[in-house]
Amino acid sequence: MDNSQNISANAFDVHYNRVTEMVHCYAESVGLTREQVHNTEKNNWQWKNGSANIEVWIQKLNFANGTRRDFLRVFCPIMEIPLANPMAFYRRLLELNDLKLGIKFTLTPNSSKVWASFERDIKGIDYNELSTFISDFEYWADKLDDELKAEFPILN
């Protein structure tokens, strides 16, 4: 990851604020209000799409040399790792990582919850790209959480 971008902090804030506004506009385009979806304490957005709980964040990565990169990150908790046949489950997640372009499955440290996620550097993003990848993510998250739970029922 190239972290040697020579951009002023003000330029980063302009990008950040522009993408923040785009996320607000996306929420409004699907019939939600800013107040319904934006959590000012966590500085993220949350809503449901079918059975999927969608979370959107803009994560700032600050580097020791004073540069910064900002990433738009979209998440959805999918399910707990099933105790029965976990290797088959992990294999299926890796297969889906290959098949579902843009979507990846992740685990957070010290957790047994599987998440679907998508991320992209905000540099150069426009509203059409943002709305396409969030709506695509919503579709796949809603579909895949149901499919994986059916394929790997939690028997714990």
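Residues take numbers from 1 onward in each chain, read along the sequence in its written order. Where totals are concerned, whole chains, interfaces and linings use all residues; where local detail is concerned, this predicted model gives features only for residues with pLDDT of at least 70, and gives and counts side-chain atom pairs only at 80 or more. Each side-chain value is worked out from all heavy atoms of the structure, with water and hydrogens disregarded.

Draft legend 1. Inspection of the pairing of strand β3 (residues 52-62) at higher detail. We call two strands paired when DSSP finds no fewer than two bridges between them. Helix and strand definitions follow DSSP, with helices as H or I runs of at least four residues and strands as E runs of at least two, each counted in order from the N terminus. As defined by bridge partners, strand β2 (residues 44-49) adjoins β3 across six bridges and the pair is classed as antiparallel. Considered in β3, the bridge of Asn-44 is made with Trp-57. Counted along the chain from β2 to the antiparallel partner β3, the turn is two residues long, and its residue Gly-50 has a positive phi close to 65°. Between β3 and strand β4 (residues 68-80), which pair antiparallel one after the other, the connecting turn spans five residues, and Gly-66 there sits at a positive phi close to 90°.

Draft legend 2. Spotlight on helix α3 (residues 86-99). Relative to the 20 Å expected for 14 residues at 1.5 Å per residue, α3 spans 20 Å between its end C-alpha atoms, a close match to the ideal helical length. The set of residues buried in α3 consists of Phe-89, Leu-93 and Leu-96. The arc enclosing the buried residues of α3, seen along the axis, measures out at 65°, which places them on a common side. Those residues of α3 that are exposed and angled more than 90 degrees off the buried face are Met-87, Arg-91, Leu-94 and Asp-98. At its buried positions, α3 is contacted by β4, β5 (104-107), β6 (113-121) and α4 (127-151). In this analysis, the expected span of each helix is defined as 1.5 Å times one less than the number of residues it contains. Burial classes: relative accessible area under 20% of the type maximum marks a residue as buried, over 50% as exposed, and values in between as partly exposed (1.4 Å probe, protein chains only). To obtain the arc, one takes the directions from the helix axis to the C-beta atoms. By definition, residues are in contact when any of their heavy atoms lie within 4.5 Å.

Draft legend 3. Summary view of the sheet that holds β2. One open sheet holds the six strands; their spatial order is β1-β2-β3-β4-β6-β5, and the pairing between them is antiparallel. Here the strands that pair on one side only, and so sit at the sheet edges, are β1 (38-39) and β5. The pairing of β5 with β6 spans four bridges and is classified as antiparallel. Looking at β6, one finds that Lys-104 is bridged to Ser-117. Axes here refer to lines fitted to C-alpha atoms; in helices the fit is confined to the stretch in contact. Angles between the N-to-C directions go from 0 to 180 degrees. Strands in contact with α3 are β4, β5 and β6; relative to β5, the strand with the most contacts, it is inclined by about 140°. The strands touched by α4 are β2, β3, β4, β5 and β6; relative to β4, the strand with the most contacts, the crossing angle is about 25°.

Draft legend 4. Up close: the confidence of the model for the protein chain. For the protein chain, per-residue confidence averages 90 on the pLDDT scale, and residues scoring 70 or more make up 92% of the total. Along the chain, pLDDT gives the predictor's confidence residue by residue, from 0 to 100. No element of the protein chain has a lower mean pLDDT than helix α1 (residues 9-29), which averages 89, and none a higher one than β2, which averages 97.

Draft legend 5. View of the packing of aromatic side chains. Any two rings among Phe, Tyr and Trp, with Trp reduced to its six-membered ring, count as a pair given centres within 6.5 Å; such a pair is stacked if its planes are under 30 degrees apart, edge-to-face if over 60, and tilted if neither. Under the counting rule described, the total for this entry stands at six aromatic pairs. Summarising the aromatic geometry, the rings of Phe-75 and Trp-115 are spaced 6.2 Å apart at their centres and angled 85° between planes, so their arrangement reads as edge-to-face. Separated by 40 residues along the polypeptide, Phe-75 in strand β4 and Trp-115 in strand β6 bring together distant segments of the chain. For Phe-75, a relative accessible area of 14% puts it in the buried group. For Trp-115, a relative accessible area of 17% corresponds to the buried category. Centroid distance Phe-89 to Phe-152: 5.2 Å. Interplanar angle 80°. Geometry classified as edge-to-face. With Phe-89 in helix α3 and Phe-152 in the segment after α4, this pair connects stretches of sequence that are 63 residues apart. Across the pair, Phe-152 and Phe-89 agree in class, each one buried. Among the aromatic residues, ring-to-ring pairing joins Phe-89, Tyr-90 and Phe-152 into one connected group. Sitting over a ring, as applied to charges here, requires NZ of Lys or CZ of Arg to be within 6 Å of the ring centre and within 35 degrees of the ring normal. When the ring centre of Tyr-16 is taken as origin, the NZ or CZ atom of Lys-60, which lies over that ring, is 4.4 Å away.

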